[in-house]
Amino acid sequence: MCRFLPLAFLLPFVVPVAANAADPAPQGPADLIIHHARVVTVDDKFHVVEAVAVKDSRILAVGTNDDMLKLKGEKTRLLDAESRTVLPGLYDSHVHPTGAATSKIPKIKSLKDALAYIKEQTKIVPEGDWIVLWYLFPTRLDEARFPTKAELDEVAPKHPVLFHAGPAGMVNSMALKISGVTKDTPNPGTGIVVKDAKGEPTGMLRSAYRVLKGVPSESDKFSDEERREALKKLFHLYNAQGLTSIADRNAGRGALDQYLDLKKRDELTLRVNVARSFDPSGNREQVAKRFEELPGKDGLGGPTGAGDDWVRIGPIKLFLDGGMLNGTAYMRQPWPKGDTYQITEDDYRGLLFIKPDQLQMVCEEGAKRKWQMTAHTAGEGAMDVLLDAYDLVNRMTPIKDLRFCITHANFPSQRNLERCKALGVVADVQPAWLYKDGSTLYRVLGDKRVRWFQPYKSWMEYTTIGGGSDHMLGQDSFDSINPWNPWLAIEVAVTRKTERGDVLFKEEALTREQAIRLYTINNAYLCHEEKLKGSLEPGKFADLIMIDRDPLACPANTIHETKVLMTMVGGKVVYERK
Ligand SMILES: [Zn+2]
């Protein structure tokens, strides 16, 4: 397997130099020539060539074996790929690595597992202390539903319990009791304390955790060094699956500083595009002030494009509505009543967190300051609201070059796809949700509504979409929440097969070429980096991978088994399969 070792010793560590599209392409001779390969360039025409030459941190040339070997000088290293496939390094446009790096998640596949886990915890956790299950989505459980309050009471009568599934969660009677939540408790802000026919709280809280008292924070306390080591480890796992770039899709200054710190130490093994979290509340003056302060004293916090080729600022990230996996996405039609999401109301459409006028004002202030904007937008009703806002902003400040984005954009209608095209609006989308949640959504929402759930082919006909995992907890590429294995995502975009074996709307499947673009050049475009990476073309970064199969030709259902043999970032080998 490793006859092409000693790759690790091929290249000296190359100090990252600031490179941009205006820099001239490097001149020969090459430092490294990978020949007798299948080099999938992912250029405009998706050329597949035999060899690639690397100089310093960049691609010197791609082409035939003969032409590339002409670039050989005295010190050039040669690597015979023995017909293996070489691709541009993969790019995941939606991760939350700083939280994921230090997190631990129990293995839970069913509601039965969850209840057994809580019961186990009651023996360890002191009576009266909280037991919390974070980000456990009912759509992914065998029973495909939330527990009821009574079920939680049965396994944990003396402990407050929170079954957290993102914005919505279920609590038990003890949790309500110690928090003083009763039938008189009002709904907080845009949230809902769900009540039954008699007015008593059912235990379901939608964007209303603030009524609870004493819930511990999601992550334990770690020292700076522990956080740094955990993050480095996670980035190595990312490298091992072929990722050479990621986008943190919601970073405060603390997360940004963690990436800058790793860069300063020369310990970053992939490039990070950093979306900045932003509080959209307040009047225009307050919002404007917040924008002015965001770049910070060092100017590295914004606006979009600030920073360098290792840590670059991406868009502003807003949260417009709830989610699909917990019944809080803001839909055009009411959510069906039922136990999956414990919905008891007749006309419940989900939660919208930002009022349309406010949203428009915030996007306007962002556009004025050259920020790309994006918003978590799960339901089709929320997508209507977001595109209305983008449309109005565009009349004052053209947004096309800013590439305003929609994060998730799960249910684009025909009309909304056309509006995306007209406004140059792009989207970062999550194949893992089709895989993990598609079957339950199909059962709950039905054929007609799920027809427009993650329509990859239609999306690509109208706009540029990029693939992202929304990895937030755990580290294993398949078992994390959400699974972040990029090969699984590419396979799902091609097959539209769910974890439970359904094939949903095959007519919306991508071709292999499109699915590879989804995780390479399209994400580079989403992040305004397509002139630097996303394809193997002269002058672009030498961010590339060698893999054990040809994803353009292997059986589709084996794409997720792809093994990465070598990952290179900026001409430096950051991972090699032993
Ligand atoms: Zn996310």
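Residues numbered from 1 in each chain as written. Predicted model: local features only at pLDDT ≥ 70, side-chain atom pairs only at ≥ 80, totals over all residues. Heavy atoms only, no water.

A. How the structure looks around the nonpolar core. Counting residues in hydrophobic clusters, the biggest one holds 141 residues, and the most contacted among them are Leu318, Met324, Met373, Tyr390, Phe404 and Ile406. For this core, the two domains that each supply at least three residues are domain 1 (103–218) and domain 2 (223–533). Listed in part, the 18 residues of the second largest apolar core include Ile34, Val39, Leu544 and Met568. (Core = buried A, V, L, I, M, F, W, Y, C linked by side-chain atoms within 4.5 Å. Buried < 20%, exposed > 50% of the residue type's maximum accessible area, 1.4 Å probe, protein only. Domains from an automatic or database assignment.)

B. Molecular detail of the sheet that holds strand β10 (residues 161–165). If you walk across this open sheet you meet the five strands as β9-β10-β11-β13-β12, and the pairing is mixed. Looking at strand neighbours, the two that pair on one side only are β9 (131–133) and β12 (192–195), the edges of this open sheet. With strand direction ignored, the average angle separating the axes of adjacent strands in the sheet is 20 degrees. (Pairing = 2+ DSSP bridges. Helix = DSSP H or I, 4+ residues; strand = E, 2+ residues; numbered from the N terminus. Axes fitted to C-alpha atoms, helices over the stretch in contact; angles between N-to-C directions.)

C. Fine view of the coordination of the zinc ion. All of the protein donors around the zinc ion are His94 (NE2), His96 (NE2) and Asp470 (OD); their distances to the metal are 2.1 to 2.2 Å. Between consecutive donors of the zinc ion, the numbers of intervening residues give the motif H-x1-H-x373-D. Overall, histidine 96 belongs to the buried group, its relative accessible area being 17%. (Donors = N, O, S within 2.8 Å, 3.2 Å for Na, K, Ca; no water.)

D. Examining the domain arrangement of the protein more closely. Under the domain assignment used here, the protein contains domain 1 (103–218) and domain 2 (223–533). Listed by partner, the interface residues are 29 residues for domain 1 and 33 residues for domain 2. Around 2,500 Å² of area is buried between domain 1 and domain 2 when both sides are counted, 56% of it from carbon and sulfur atoms. Between aspartate 479 and lysine 107 there is a salt bridge, with the nearest N and O atoms lying 3.4 Å from each other. At the surface where domain 1 touches domain 2, the tally comes to 15 residue pairs in polar contact (both at pLDDT 80 or more). For the side of domain 1 that touches domain 2, the secondary structure elements donating two or more residues are β11 (168–171), β12 and β13 (201–206). Per element, the largest residue contribution to the side of domain 1 that touches domain 2 is three residues, and it comes from β12. Of the residues in the side of domain 1 that touches domain 2, the class split is 16 nonpolar, six polar and seven charged. (Contact = heavy atoms within 4.5 Å. Buried area = accessible area lost by both parts, 1.4 Å probe. Salt bridge = Lys/Arg side-chain N within 4 Å of Asp/Glu carboxyl O. Polar contact = N/O pair within 3.5 Å; in protein donor to acceptor, adjacent residues only side chain to side chain. Nonpolar A, V, L, I, M, F, W, Y, C, P; charged D, E, K, R; others polar.)

E. Highlighting the side chain of glutamine 430. Tracing the chain through its elements places glutamine 430 in the loop between β19 (426–429) and α12 (431–450). In this structure the side chain of glutamine 430 is engaged in a polar contact, spanning 2.7 Å, whose partner is the side chain of histidine 408. Within polar-contact distance, the side chain of glutamine 430 engages the side chain of aspartate 428 at 3.5 Å.

F. The packing of aromatic side chains, seen in detail. Applying the stated criterion to the full structure yields 11 aromatic pairs. An angle of 65 degrees between the planes, with centres 6.3 Å apart, marks the rings of tyrosine 135 and phenylalanine 137 as edge-to-face. Residue tyrosine 135 shares its accessibility class with phenylalanine 137, and that shared class is buried. One Lys or Arg, arginine 271, reaches over the ring of tryptophan 310 and ends 4.5 Å from the middle of that ring. (Phe/Tyr/Trp six-rings, centres within 6.5 Å; stacked < 30°, edge-to-face > 60°. Lys NZ or Arg CZ within 6 Å of the ring centre and 35° of its normal.)

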